[in-house]
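Breakdown of the fold
Residues per chain, in single letters:
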Amino acid sequence: MRILTEITSLTQVLFSLSFSRNIAILIMEILFFNLRPRIRQLALFFPCNTSFKHRRKRVQRFLSSFNDKIFKALFHIALSVSGNNDSILIAIDWTQIQKRYLFTAAIVLKDRTLPIAFLLRDRKRVIDRIKMIDLLREIIPSHIQVTVIADGEFCSPAFLDYIHRNGYHYIVRMKKSMLFNGKKIGSYSIRTDTNGLYDFGFGKYTSMSMNARVVANIHNKQVYYLVTDLNYLSSFIVDTYRKRFLIEETFRDYKSGMGFGKYSNGMDEKRLLALLSIYTLSYMSMYEMTKGIVKDGRYSFYTRFRNKMIYTIGKDIFFENLNNLRVSHKAFK
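Read on for a plain summary of the structure.

Attention now goes to helix α4 (residues 52-64). Its 13 residues place the ends of α4 19 Å apart at the C-alpha level, agreeing with the 18 Å of an ideal helix rising 1.5 Å per residue. Within α4 the residues assigned to the buried category are Arg55, Val59, Phe62 and Leu63. Buried residues along α4 cover an arc of 95° about the axis, so they all sit on one side. Along α4, exposed side chains directed more than 90 degrees from the buried face belong to Lys53 and Arg61.

Rendered as structure tokens:
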């Protein structure tokens, strides 16, 4: 697999040769055996000529060797899978894993998002928004244009200003109680066009005198407002924001498909972040391998991948047995 070779090469540069080999083996274990994020399961196939007890300790030590450099690997692999090196769309959001909160930033693709950075917290904190932008600035090269999309939880003018000052753009849902040109945005009477859109244009966003643009959209008879610093068509702004919901699909894959919603409660924070990184690299590998498969609405993302693996392995076994039969009995020419 091309992507596995890229992962091995990149992690070898960022960490070490042994680290890259271990992570490649764990990714292959997860792909072929659909293992849950439990150290006990991962230790069963870990390459070590010792007892299971010692293999388990080996896995624990390996997970403890992870640091923030792994986010650079996640970003470069996600960028390679996306095939876009000039501009990227990043969705940010919180999700709850058992009693913890996971803050995720993910590159948005056509039908999924690929996570590139994580913050794991016991509770949501406003300061973590700033830390996430700082983390993204460390792993994303400055020549790449970045647009951040988020829901109304992140519409704080101070946060949007921080995004702008770091050279990023934003499209964020706006609460109806927020001020625009000195008036609550929800109190304006608007007349939308045939597409259900209304462009307020640029103006004074909240009491900070921040210059921003507001676009309104009617969906299912409800009006929602988007604040942005981009000067594109209103339809483009709305269509771009709608891609934010893809991160919810990714969260569902992590919790239900991978099992993080069930097995992560009592795990050490550093080990859990390491497992999230390993499973994210596996997730990217799955996505890369299944991009060419005809998508059937009856099957989930993971089911498509498992079907592909079963077909590939079954095909190889069939032709190997057919070839052995031909050699043994000379029944075929």
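Looking now at unusual backbone geometry. At asparagine 181, a position not held by glycine, the phi torsion is positive, near 55°. Under the relative-accessibility criterion, asparagine 181 is labelled partly exposed at 44%.

Burial of strand β9 (residues 210-219) is extensive: 7 of the 10 residues sit out of reach of the surface. As paired strands, strand β8 (residues 197-205) and β9 are joined by 8 bridges and run antiparallel to one another. What sits directly across from leucine 197, in β9, is asparagine 217. Where β9 and strand β10 (residues 222-228) come together, 7 bridges link them in antiparallel fashion. What sits directly across from valine 214, in β10, is valine 227.

Ranked by size, the top nonpolar core spans 94 residues in total, and within it Ile23, Ile90, Leu136 and Ile140 carry the most contacts. At 12 residues, the largest contribution of residues to this core is made by helix α11 (residues 269-290). Val108, Ile149, Tyr241 and Leu246 belong to the second largest nonpolar core, which has 17 residues in total.

A contiguous patch of positive charge, built from Arg38, Arg40, Arg56 and Lys262, is present on the exposed surface. Its location among the elements puts arginine 40 in helix α3 (residues 39-43). In this structure arginine 40 comes out as exposed when scored by relative accessible area, which is 52%.

A few words on the pattern of salt bridges. What the rule picks out here adds up to 13 salt bridges. With a closest N to O distance of 2.0 Å, arginine 2 and glutamate 6 form a salt bridge. Taken together, the residues span about one helical turn, with arginine 2 and glutamate 6 both in helix α1 (residues 2-14) at a distance of 4 residues. Owing to a relative accessible area of 45%, arginine 2 belongs among the partly exposed residues under this scheme. What you see here is one network of salt bridges that share partners, running through Arg2, Glu6 and Glu288.

On to the packing of helix α6 (residues 127-139) against helix α7 (residues 157-165). Orientation of α6 relative to α7, taken along the N-to-C sense of each, is 10°, at an axis distance of 10 Å. As judged from the angle between their axes, α6 and α7 are roughly parallel. Listed contacts from α7 to Arg129, Ile130, Ile133 and Asp134 of α6 are Phe159, Tyr162 and Ile163. Residues that form the contact of α6 with α7 fall into these classes: 5 nonpolar, no polar and 2 charged.

For any two helices packed against each other, one specifies the crossing angle of their axes together with the interaxial distance. Packing of helix α5 (residues 70-82) against α11 leaves a shortest axis separation of 11 Å and a crossing angle of 10°. Of the possible angle classes, the one that applies to α5 and α11 is roughly parallel. Residues Ile70, Phe71, Leu74, Ile77, Ala78 and Val81 of α5 form the contact with α11, whose participating residues are Ser277, Thr280, Leu281, Met284, Tyr287 and Glu288. Class assignment for the residues of the contact of α5 with α11 results in 9 nonpolar, 2 polar and 1 charged.

Reading guide: rules and limits
- Residues numbered from 1 in each chain as written.
- Predicted model: local features only at pLDDT ≥ 70, side-chain atom pairs only at ≥ 80, totals over all residues.
- Heavy atoms only, no water.
- Helix = DSSP H or I, 4+ residues; strand = E, 2+ residues; numbered from the N terminus.
- Expected span 1.5 Å × (residues − 1).
- Buried < 20%, exposed > 50% of the residue type's maximum accessible area, 1.4 Å probe, protein only.
- Arc of directions from axis to C-beta.
- Pairing = 2+ DSSP bridges.
- Core = buried A, V, L, I, M, F, W, Y, C linked by side-chain atoms within 4.5 Å.
- Patch = residues over 30% accessible without salt bridge, like charges linked within 9 Å, V, L, I, M, F, W, Y side chains within 5 Å.
- Areas by Shrake-Rupley, 256 points an atom, 1.4 Å probe, with all protein chains shown as cover.
- Salt bridge = Lys/Arg side-chain N within 4 Å of Asp/Glu carboxyl O.
- Lys, Arg positive; Asp, Glu negative; His and termini not counted.
- Charge placed at Lys NZ, Arg CZ, Asp CG, Glu CD.
- Axes fitted to C-alpha atoms, helices over the stretch in contact; angles between N-to-C directions.
- Parallel < 35°, antiparallel > 145°, perpendicular 65-115°, else oblique.
- Contact = heavy atoms within 4.5 Å.
- Nonpolar A, V, L, I, M, F, W, Y, C, P; charged D, E, K, R; others polar.

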